[in-house]
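Notes for the structure review
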Amino acid sequence: MVHLADVSDTGMLTGSDWFKRGWTLQELLAPHTVLFFTREWSLYKDDTSNHKENGIITSELELATGIASQHFSHFRPAVDDARSRLRWASTRCTTRPEDTAYSLLGIFNLHMPVLYGESEENALGRLLAEVISKSGDTSILDWVGQSSSFNSCFPATLTPYQTLPPSQPLSADPKPLSLTQYIWNFFVPSSPFLLARRMHQALSSLPRTQFISPRLVLPCIVYRIQAITLIRVDTGTATRVHQIQAVGLEPIEIALSGSLITTSRTGVPYVLIRPWHSDLLDPAVEIDDTSAREWLTRLEQPFRALLLMALTYNEYRRVASFCSITACPTDPAGVLQGEVSMLTIV
């Protein structure tokens, strides 16, 4: 039974603060049956049946929460589809900042120490570390905003998760070969597919993402950056737009709050990476030339990249940007110029 003290008999659910509070998310999803009562203690819409099965009410719930209706009656606590679950909570607030993370433990079916008095960044960082360690879901690294002091790969708040990243489905249909690809395949007929099989084997053998506090050990494909050029400065927004040229990728423009180091004694101290998860592609043990061509065609599609800065002791730090970084391989040859690796990010 949910009493909505700010909804009148003629009002709508979308205006209630009950849907803006952190702890009420699990109160909405956990029960099989929910009855909403208005300010006057009248049943909402005068419906005496389960409001989670009323089509009109569930449509309002979708508008109020951003949660698809099937989750109201078939919700299951788990770490799968973590990006969507974080979005459900991203517009909600709690009295204690650290409860932003604690109120999601039941949503993800996770257990971790509750340490009241710690910062929101630390509590949220511990939660995200548990989620990515148990699921390996690298989609939670796809965000734009301020980095957390807990780990640079995590956001400081849930706000960046308010919108889902655009979907980029992997197509199984081979694309027509460009002239460059045709010449490459013609003169080196077996090399591309031999390299593809080796990369496939290397990716299939990568361990799952691990969080070893305070470090994120991330499986990925690394694209080395050859040159960085500052192309313009926007004084109105105090952003600096850089063009980045990485081995195997089309040139990329990235908007940042500060300037990147364009040259150093040891070369450009940055890399672009593609976070890897075994669910991205079929981890078949052996692939022939035909499936290798299809596999390369899939990897040739645009992907969300992370910009990392190299530190000492073979560690990296993520460089947060004002926009998502969409990288596009030049061709299958460009895909194969990426290096399969496990990077340690602080």
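In this report, we go over the structure that sits alongside the text. Only a predicted model underlies this, so the values are computations on that prediction, with no experimental measurement involved.

1. Quick word on helix α7 (residues 120-135)
Side chains that are three or four residues apart share a direction in an α-helix, a result of its 3.6 residues per turn. Here α7 is 16 residues long and its end C-alpha atoms lie 22 Å apart, about the 22 Å a rise of 1.5 Å per residue gives. If you check which residues of α7 are buried, you get A123, L124, G125, R126, L127, L128, A129, V131, I132 and S135. If you follow the buried residues of α7, they end up packed against α4 (82-89), α5 (99-102), α6 (105-108), β3 (210-212) and β4 (215-234). With its phi angle positive at about 70 degrees, G136 sits one or two positions after the end of α7.

2. A word on the nonpolar core
Core analysis: the largest hydrophobic core is formed by 58 residues, its most contacted members being F36, L104, F108, L127, I140, L141 and I273. Core analysis: the next-biggest nonpolar cluster, separate from the first, contains 34 residues, M199, A292, L307 and I325 among them.

3. Structural notes on the pairing of β4
Each regular strand carries side chains that alternate between the two faces of the sheet. The sheet contact formed by β3 and β4 spans three bridges and is antiparallel. Looking at the pairing, Q210 lines up with V217 of β4. Between the antiparallel neighbours β3 and β4 lie two residues. In this structure, β4 lies alongside strand β11 (residues 339-345), joined through seven bridges in antiparallel fashion. Considered in β11, the bridge of P219 is made with M342. Bridge count for β4 against strand β7 (residues 270-275) is five bridges, and the pairing is antiparallel. In the sheet register, V222 faces β7, and the bridge partner there is I273. As paired strands, β4 and strand β5 (residues 239-246) are joined by eight bridges and run antiparallel to one another. Looking at β5, one finds that I225 is bridged to A246.

4. Quick notes on the pattern of salt bridges
Taken as a whole and assessed by the stated rule, the structure comprises 11 salt bridges. For K45, the salt bridge goes to E60, with nearest N and O atoms at 3.5 Å. A residue pair is termed long-range when its members are at least 10 positions apart, and K45 in the loop between β2 (36-37) and α2 (55-65) and E60 in helix α2 qualify at 15 residues. By relative accessible area, which is 5% here, E60 ends up buried. In this structure, R126 engages E118 in a salt bridge whose closest nitrogen and oxygen atoms are separated by 2.6 Å. Judged by its relative accessible area of 13%, E118 is buried. Because the salt bridges share partners, they merge into one network encompassing R76, D80 and R85.

Procedures and definitions
Residues numbered from 1 in each chain as written. Predicted model: local features only at pLDDT ≥ 70, side-chain atom pairs only at ≥ 80, totals over all residues. Heavy atoms only, no water. Helix = DSSP H or I, 4+ residues; strand = E, 2+ residues; numbered from the N terminus. Expected span 1.5 Å × (residues − 1). Buried < 20%, exposed > 50% of the residue type's maximum accessible area, 1.4 Å probe, protein only. Contact = heavy atoms within 4.5 Å. Core = buried A, V, L, I, M, F, W, Y, C linked by side-chain atoms within 4.5 Å. Pairing = 2+ DSSP bridges. Salt bridge = Lys/Arg side-chain N within 4 Å of Asp/Glu carboxyl O.

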